[in-house]
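# Structural overview
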Amino acid sequence: MRDSGRPTLIDVAKRAGVGKTTASDALSGRGRISEATRDAVLTAAADLGYAPNTAAQHLRHSATGTLAIILPEVSARSAYYMTFAFGVISAAARADYDVTVVTRPQGQQRPRRLRADGIIIADPRRGDPVAERLIAEPTPVVTTEHVLEGPKPDGVVYSDHAAAMTQLMAHLDGTRFARPALIVAADDTDWSASLAHAFRDDCTARGVEPIIRYTSFEAPSHQVREATERLLADHPDVDAIVVGPDGGAVEVLSVLNRSGLVAGRDIAVASCVDYPALQFVDPPVTAVDLRPHAAGVAAAELILDLIGGSAEAPIEREHPIAVVGRASTQEGAAR
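Per-chain numbering applies: the sequence of each chain, read as written, is numbered from 1 onward. Only residues with pLDDT of 70 or above have their local features reported here, since the model is predicted, and side-chain atom pairs are shown and tallied only from 80 upward, although totals for entire chains, interfaces and linings are computed over all residues. Derived side-chain values reflect all non-hydrogen atoms in the structure, with water molecules and hydrogen atoms excluded from consideration.

## Regarding a nonpolar patch on the surface
- Patch membership requires over 30% relative accessible area and the absence of a salt bridge. Like charges are linked within 9 Å, and nonpolar side chains (Val, Leu, Ile, Met, Phe, Trp, Tyr) within 5 Å. All accessibility values rest on the Shrake-Rupley procedure with a 1.4 Å probe; residue burial counts only the protein chains present in the view. By convention in these notes, a salt bridge is any Lys or Arg side-chain nitrogen within 4 Å of a carboxyl oxygen on Asp or Glu. Together, Met82, Phe86, Ile89 and Val101 give the surface a local cluster of nonpolar side chains, amounting to about 340 Å² of exposed area.
- A run of H or I in DSSP counts as a helix once it spans at least four residues, and a run of E counts as a strand once it spans at least two, with each numbered from the N terminus. For the nonpolar patch, the element with the most residues is helix α5 (residues 79–94), which contributes three residues.
- Mapped onto the fold, Met82 is located in helix α5.

If you want it as structure tokens, here you go:
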């Protein structure tokens, strides 16, 4: 969290009514900024007693030719994050930028000292002190999905996951389900919170009870299996399971198979994250294509636009996603 009572660059920017990058440039005497804007920033800094971080300002203007990506710990076993990172790298390479990829365990309190011209934070967690400190520094920051609490980044690349959930539930209509359930990470990221809220809203509109089982954001395989087993034990009449965690649908299918249940006949299965294995499982699983490579490209392009001055903070850009319909949700659940 922020140091109590110590003003940050974001506080100055808010007081002056400008973006973080504009405030940084005004305080350092750089950039094409009007005298009125510069005076407003300097006045705000003086009123708040803000002392600029000279080391951070040096890094901000050092033109390292490098971008940094901050990935969650799960990225080491996540097809989504690996593909996302390659999207960032490919876009950065076209602009002659190198990329530093940083992963860290959840709960790590201190950010690494990053020599980078811009930072991309993938799926920031609610109340993450590292994300808060990085966003408060002068270096431009783009997040993929919104920050739920704390200071806001310079740019956001986001997707409408609530709409995707509604589409996924509409696709499940072909199974004539009556008792749907959702397995999803806890509500500490914009992605997971959006999925849970949209699922509840859809169930309420249909007049059915929303059944939700939570996992951690990292959701290792055994955790998804255990959540599925508990779900089936507590609610044996469940006839549709929507799976949030990346790779989780395969674990759900495995549990159903061991339980003597047939996906697509006894229980419909759908996934909030598409990944290659879902094209080959029997039966195939309907999923949401998050287009991770394109998401990485979009994040890189936005941070480069902020660095180059062709975009001004704060700015948001939507990354389109879509449901990929497959056979397992079309056969109709028998129960």
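Resuming the write-up.
## Describing unusual backbone geometry
- A cis amide bond, omega -5 degrees, links Ala313 with the succeeding residue Pro314.
- Looking at the element boundaries, Pro314 is found in the loop between α11 (292–308) and β11 (315–318).
- Positive phi, close to 65 degrees, is recorded for Asp96, a residue that is not glycine.
- Tracing the chain through its elements places Asp96 in the loop between α5 and β2 (98–104).

## What to know about the confidence of the model for the protein
- pLDDT gives the predictor's per-residue confidence on a scale running from 0 to 100. Looking at the protein, the pLDDT average stands at 86 and 88% of residues meet or exceed 70.
- Here helix α4 (residues 54–60) stands out as the element of the protein with the lowest mean pLDDT, 48, in contrast to strand β5 (residues 155–158), whose mean of 97 is the highest.
- Pairs of residues are marked as contacts when any of their non-hydrogen atoms sit within 4.5 Å. In the model, residues 54–60 has pLDDT below 50 throughout and makes 17 contacts with residues more than four positions away in sequence or in other chains.
- Low pLDDT, under 50, characterises residues 328–335; the predicted model gives this stretch 38 contacts beyond four residues in sequence or across chains.

## Comments concerning the sheet that holds strand β6 (residues 180–185)
- Pairing between two strands requires that DSSP report at least two bridges joining them. Read across the open sheet, the six strands follow the order β7-β6-β8-β9-β10-β12; overall the sheet is mixed. Unpaired on one side and paired on the other, β7 (211–215) and β12 (322–324) mark the two borders of the sheet. Between one strand axis and the next, the sheet turns by 20 degrees as a mean value, whatever way the strands run.
- The pairing of strand β9 (residues 268–271) with strand β10 (residues 286–289) spans two bridges and is parallel. Across the sheet, Ala270 pairs through a bridge with Thr286, a residue of β10. Lines fitted to C-alpha atoms define the axes here, with helix axes fitted over just the stretch in contact, and angles between the N-to-C directions of these axes take values from 0 to 180 degrees.

## What to know about helix α6 (residues 129–136)
- Accessible area is worked out with a 1.4 Å probe on protein chains only. A residue is then buried under 20% of its type maximum, exposed over 50%, and partly exposed in between. Along α6, seven of the eight residues are buried, which leaves the element largely enclosed by surrounding structure.
- Regarding α6, the residues found buried are Pro129, Val130, Ala131, Glu132, Leu134, Ile135 and Ala136.
- The N-capping residue of α6, defined by a side-chain oxygen 3.0 Å from the backbone nitrogen of Val130, is Asp128. Residues adjacent in sequence count toward polar contacts only when both atoms are side-chain atoms; beyond that, a polar contact is any pair of N or O atoms within 3.5 Å, and within protein one must be able to donate a hydrogen and the other to accept it.

## Focus on the pattern of salt bridges
- All told, the structure shown has 13 salt bridges when counted by the stated rule.
- The closest approach of N and O atoms between Arg213 and Asp234, which form a salt bridge, is 3.0 Å. Highlighted residues: Arg213 in strand β7 and Asp234 in helix α9 (residues 221–234), separated in sequence by 21 residues.
- Assessed through its relative accessible area of 49%, Asp234 is described here as partly exposed.
- Through salt bridges with shared partners, one network takes in Arg125, Asp188 and Glu218.

## Here's the deal with the packing of aromatic side chains
- Ring pairs are drawn from Phe, Tyr and Trp, using the six-membered ring of Trp, whenever the two centres fall within 6.5 Å, and their geometry is named by plane angle: stacked under 30 degrees, edge-to-face over 60, tilted for the rest. Overall, the coordinates contain three aromatic pairs when judged by the stated rule.
- Both rings, one in Tyr80 and one in Phe84, keep their centres 6.3 Å apart while their planes meet at 15 degrees; by these two values the pair is stacked. Pair noted here: Tyr80 and Phe84 are both in helix α5, with a separation of four residues, about one helical turn.
- Residue Phe84 is classed as buried on the basis of its relative accessible area, which comes to 0%.
- Through a chain of ring-to-ring contacts, three or more aromatic side chains come together here, namely Tyr80, Tyr81 and Phe84.

## Some thoughts on the side chain of His161
- Tracing the backbone through its elements, the reader meets His161 in helix α7 (residues 161–172).
- When its relative accessible area of 6% is taken as the criterion, His161 is described as buried.
- Side chain to side chain, His161 and Glu145 meet in a polar contact 2.9 Å long.

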